[in-house]
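Notes for the structure review
One letter stands for each residue in the lines below.
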Amino acid sequence: MVFQGLFSPAVAKFCNTLSFAGEPTIMILTVGSGTEQVTFTAETGECVPATGHACTEIPSGPDVFLSLADADDPMTALNVQAAQIEAGQDWIFYTDIMDGEPVWNGSWVAPASGVTCEDITYDDI
């Protein structure tokens, strides 16, 4: 059993479910800001890090900013929101469409489920 708690870092993976006119696209999710900023880049149908690989440590706190951009125009945020990310949480972030616009979505994996971030596959999204 893996201990998850206040002394464990929050970790995440990012899966891109979006395409543009039926063609693959590359999306960029940025988590946090400043020196704690972490960037995930994934092509359509891909999760980063890949299944079975250790998930990436991300910043935690009550208002962690997340920003989604298309790799064709990485300086233009398509969606910016804050999330409460607690130490020890395993997060799965993914692209979605809301009101016709691309957004990031996500949820954390409950420790009681016995599933960890590394276990999540693209087909689970």
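Now for a look at the structure at hand. One numbering rule holds for all chains: residues counted from 1, following each sequence as written. Per-residue local features of the predicted model are confined to residues with pLDDT of at least 70, and side-chain atom pairs are confined, for both listing and counting, to 80 or more; whole-chain, interface and lining totals are unaffected and use all residues. By convention in this description, side-chain values take in all heavy atoms of the structure and omit both hydrogens and water.

Side note on the state of the cysteines
Any pair of cysteine sulfurs within 2.5 Å is marked as a disulfide. With the rule as written, the count across this model stands at 2 disulfides. Each disulfide pairs two cysteine sulfurs, and for Cys15 the partner residue is Cys47, the sulfurs being separated by 2.0 Å. The disulfide joining Cys15 to Cys47 has a torsion of about 110° about its S-S bond and is therefore right-handed. Note that Cys15 is positioned in strand β1 (residues 10-16) and Cys47 in strand β6 (residues 46-48), a separation of 32 residues in sequence. This pair shows no difference in class: Cys15 is buried, exactly as Cys47 is. Disulfide partner of Cys55: Cys117, at an S-S distance of 2.0 Å. Note on the Cys55 and Cys117 pair: the S-S dihedral is about -95°, so by sign convention the disulfide is left-handed. Of this pair, Cys55 sits in the loop between β6 and β7 (56-58) while Cys117 sits in the segment after β11 (101-109), and the two are 62 residues apart along the sequence. Helix numbering and strand numbering both begin at the N terminus, where a helix is a DSSP run of H or I of at least 4 residues and a strand a DSSP run of E of at least 2. Three exposure classes are used, based on accessible area relative to the maximum for each residue type with a 1.4 Å probe and protein chains only: buried under 20%, partly exposed in between, and exposed over 50%.

Let's talk about the packing of aromatic side chains
Only centres within 6.5 Å qualify two rings of Phe, Tyr or Trp (six-membered ring in Trp) as a pair; their planes then separate them into stacked at under 30 degrees, edge-to-face at over 60, and tilted for everything else. Inspection of every chain in the model, using the stated rule, returns 2 aromatic pairs. Taking the centre distance of 5.6 Å and the plane angle of 80° together, the rings of Phe93 and Trp104 count as edge-to-face. With Phe93 in strand β10 (residues 90-98) and Trp104 in strand β11, the pair connects residues that are 11 residues apart, well separated along the chain. A relative accessible area of 0% places Phe93 in the buried class. Residue class for Trp104 comes out buried when judged on its relative accessible area of 7%. By way of ring pairs, the aromatic residues Trp91, Phe93 and Trp104 are connected into one cluster.

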